[in-house]
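Understanding the architecture of this molecule
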Amino acid sequence: MVRSVPLAELRAYLDCFLRIGEIADDPNALNGLQVENRGAITAIVAAVDASLATIEGICRRSASGPGTLLLVHHGLFWDNPQPLTGRRYQRVRSLLTQDAALYSAHLPLDLHPEVGNNALLSRGLGLSETTPFGNYKGVLIGLAGTAPSTLATPGEIVQRLATLLGIDASGIRLIRGGPERVARVGVITGAAGSAIGQARAAGCDTFISGEGPAHTYFDAMEWGVNVIYAGHYATETLGVRALAEHLGRQFDLPWEFHDHPTGM
């Protein structure tokens, strides 16, 4: 017999575990449960984005099917509230057809101390003595820490990131604005190029994020900070995977990760 857990129970647990109601975010994040199902969850799927490819891929995997909870970092509404037509209708229709629920967690997942993107990336790099930095709407979302001896140069950090994230090092952008010998590293995953100044103020000579606008090249060079852009998508695969594993273990449910790289 297939084990099932009430969606309401999972939702309540996630809301509390991730502090959904406490953490300020972009209005379009709409953190929390975005689409309900009939009420019973039998499997968990994690993905970075609530794209149509992700949603339709649920029914093609053995552990999935009716009663799936899809956990994502970027939910359905980033392009502002729109009528349920076109591609937005296709996404919602596919969820309802498969009786799948959708739960999204953006900044609450980024900054979570256990399964958060920034914490996992910092631990994976071996940073020590980490402290929060990077103010967004009154919340410190990033982590700054001391680099291990094995990551003494920006180039060594790039190679470690490639291994940790499972990507090609040639796709990682390194702006050598800071010293060749790395001492303190700041991490904010996603699109946090605007936080280079805050990383510098936190004592970092090297800053890691996913992506940033063109002018951040000059920010890096003129502020004397090495900046490493490892990809918005790639840097945010860690959190949803860890969250799904945690939830699956907590409720004895099968889980899996759907990988849909964007190249960005």
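Look a little higher up for the structure.
In what follows, the accompanying structure is described. (Residues numbered from 1 in each chain as written. Predicted model: local features only at pLDDT ≥ 70, side-chain atom pairs only at ≥ 80, totals over all residues. Heavy atoms only, no water.)

**So, unusual backbone geometry**
Phi is positive for Arg19, close to 55°, though the residue is something other than glycine. With respect to the secondary-structure elements, Arg19 resides in the loop between helix H1 (7-17) and strand E2 (32-35). Relative accessible area serves as the criterion here: at 38%, Arg19 is assigned to the partly exposed category. Even without being a glycine, Asp99 presents a positive backbone phi close to 55°. Among the structural elements, Asp99 can be located in the loop between helix H3 (86-97) and strand E6 (101-104). (Helix = DSSP H or I, 4+ residues; strand = E, 2+ residues; numbered from the N terminus. Buried < 20%, exposed > 50% of the residue type's maximum accessible area, 1.4 Å probe, protein only.)

**Some thoughts on the pairing of strand E5 (residues 68-74)**
Counting buried positions along E5 yields 7 of 7 residues, so the element is predominantly enclosed. Summarising the sheet, strand E4 (residues 43-49) and E5 pair through 6 bridges and their orientation is parallel. In the sheet register, Val45 faces E5, and the bridge partner there is Leu70. Handedness of the E5-H3-E6 crossover: right-handed. (Pairing = 2+ DSSP bridges. Right-handed = clockwise from strand over helix to strand, strands pointing away.)

**Re helix H6 (residues 154-165)**
In this model H6 runs 16 Å from its N-terminal to its C-terminal C-alpha over 12 residues, within 8% of the 16 Å that 1.5 Å per residue would give. Residues Pro154, Ile157, Val158, Leu161, Ala162 and Leu165 constitute the buried set of H6. The buried residues of H6 occupy one face: seen down the axis, they fall within an arc of 140°. Looking one or two residues beyond H6, the residue adopting positive phi is Gly166, at roughly 70°. (Expected span 1.5 Å × (residues − 1). Arc of directions from axis to C-beta.)

**A short note on helix H10 (residues 237-251)**
With 15 residues, H10 ought to run about 21 Å at 1.5 Å a step, and its terminal C-alpha atoms sit 22 Å apart, in line with that. Within H10, burial applies to Thr237, Leu238, Gly239, Val240, Ala242, Leu243, Ala244, His246, Leu247, Gly248 and Phe251. A positive phi of about 55° marks Asp252, the residue just after H10.

**Brief notes about the pattern of salt bridges**
What the rule picks out here adds up to 6 salt bridges. With a shortest N-O distance of 2.6 Å, Arg88 and Asp79 are connected by a salt bridge. Judged by relative accessible area, Asp79 falls into the partly exposed class, the value being 32%. Note that Glu245 is salt-bridged to Arg249, the shortest N-O span being 3.9 Å. Of the two residues, Glu245 and Arg249 both sit in helix H10, 4 residues apart, roughly one turn of that helix. Overall, Glu245 belongs to the partly exposed group, its relative accessible area being 38%. One connected set of salt bridges, linked through shared partners, spans Asp79, Arg87 and Arg88. (Salt bridge = Lys/Arg side-chain N within 4 Å of Asp/Glu carboxyl O.)

**Points about the nonpolar core**
Within the largest apolar cluster, 50 residues are counted, with the highest numbers of intra-cluster contacts made by Leu18, Leu69, Leu71, Tyr103, Leu161 and Ile208. Top contributing element to this core by residue count: H10, with 7 residues. Formed by 18 residues, the second largest nonpolar core is a distinct cluster that contains Ile23, Ala192, Cys204 and Val225. (Core = buried A, V, L, I, M, F, W, Y, C linked by side-chain atoms within 4.5 Å.)

**With respect to the sheet that holds E2**
With mixed pairing, the 5 strands of this open sheet are ordered in space as E2-E6-E5-E4-E13. The sheet is open, and its two borders are formed by E2 and strand E13 (255-257), each paired with just one other strand. The average angle at which neighbouring strand axes cross in this sheet is 25°, direction not considered. Relative to E4, H10 is tilted by about 170°, and along the sheet it contacts E4, E5 and E13. (Axes fitted to C-alpha atoms, helices over the stretch in contact; angles between N-to-C directions. Contact = heavy atoms within 4.5 Å.)

**Concerning the environment of Leu121**
Structurally, Leu121 is set in helix H5 (residues 117-125). Judged by relative accessible area, which is 1%, Leu121 ranks as buried. Distance from Leu121 to Ile208, taken between C-alpha atoms, is 9.6 Å for residues 87 residues apart in sequence. Residue contacts for Leu121: discarding those within four places in its chain leaves Leu161, Leu164, Leu165, Val187, Thr189, Ile208 and Leu238.

**Observations regarding the side chain of Asp25**
Within the secondary structure, Asp25 sits in the loop between H1 and E2. Despite its burial, Asp25 remains without a salt bridge, the nearest opposite charge being carried by Lys137 at 6.4 Å. Polar contacts involving the side chain of Asp25 include one to the main-chain amide nitrogen of Leu107, which spans 3.0 Å. Those residues in contact with Asp25, other than ones at most four positions away along the chain, are Asn31, His106, Leu107, Pro108, Tyr136 and Lys137. (Lys, Arg positive; Asp, Glu negative; His and termini not counted. Polar contact = N/O pair within 3.5 Å; in protein donor to acceptor, adjacent residues only side chain to side chain.)

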